[in-house]
Amino acid sequence: MYGIMIPFSTRMTIVRLNHGELWYNSPITLTEGLNTEIDSFSLVYLLISPNKIHYVHTSNWTKAY
């Protein structure tokens with residue numbers, strides 16, 4: 001069973017904090033359209049990647065925000 005690829009879908013959770021800024025849990029692929037939509041919400045306050053597999057897209061988010 002070694003070497004078998006299993007598709008792993010991801011989803012991101014966005015939480016608005018009491019002070020109005022946003023917490024993003026498990027960032028997904030940051031596309032231009034998503035980037036524009038995120039910018040219209042509020043400031044990105046926290047990016048949380050709870051484990052190694054969720055770090056796949058974090059670098060793009062840290063560069064953008």
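Our subject in this report is the structure included herewith. (Residues numbered from 1 in each chain as written. Predicted model: local features only at pLDDT ≥ 70, side-chain atom pairs only at ≥ 80, totals over all residues. Heavy atoms only, no water.)

Details of the sheet that holds strand β3 (residues 44–48)
Picture the strands of a sheet paired through backbone hydrogen bonds; they go either parallel or antiparallel.
Consideration 1: The sheet built from three strands is open, its strands ordered β1-β2-β3 with mixed pairing. With partners counted over all chains shown, the strands left at the sheet margins are β1 (13–16) and β3, one partner each. Ignoring which end each strand starts from, the neighbouring axes of this sheet average 20 degrees apart.
Consideration 2: Bridge count between strand β2 (residues 22–25) and β3: four bridges; the pairing is parallel. Along β3, the bridge assignment pairs N25 with I48. (Pairing = 2+ DSSP bridges. Helix = DSSP H or I, 4+ residues; strand = E, 2+ residues; numbered from the N terminus. Axes fitted to C-alpha atoms, helices over the stretch in contact; angles between N-to-C directions.)

A few points about the nonpolar core
Consideration 1: Grouped together as the largest cluster of nonpolar side chains are eight residues: M12, L22, Y24, L30, L34, I38, V44 and W61.
Consideration 2: When contributions to this core are tallied by element, the ones reaching two or more residues are β2 and α1 (32–41).
Consideration 3: Residues in contact with L22, not counting those within four places in the same chain, are I14, V15, R16, F41, S42, L43, V44, Y45 and L46. (Core = buried A, V, L, I, M, F, W, Y, C linked by side-chain atoms within 4.5 Å. Buried < 20%, exposed > 50% of the residue type's maximum accessible area, 1.4 Å probe, protein only. Contact = heavy atoms within 4.5 Å.)

As for unusual backbone geometry
Most of the time, phi is negative for any residue but glycine, and the peptide bond is trans.
Consideration 1: Residue S26 is not a glycine yet carries a positive backbone phi of 60 degrees.
Consideration 2: Counting through the fold element by element, S26 comes out in the loop between β2 and α1.
Consideration 3: For S26, a relative accessible area of 5% gives the class buried.

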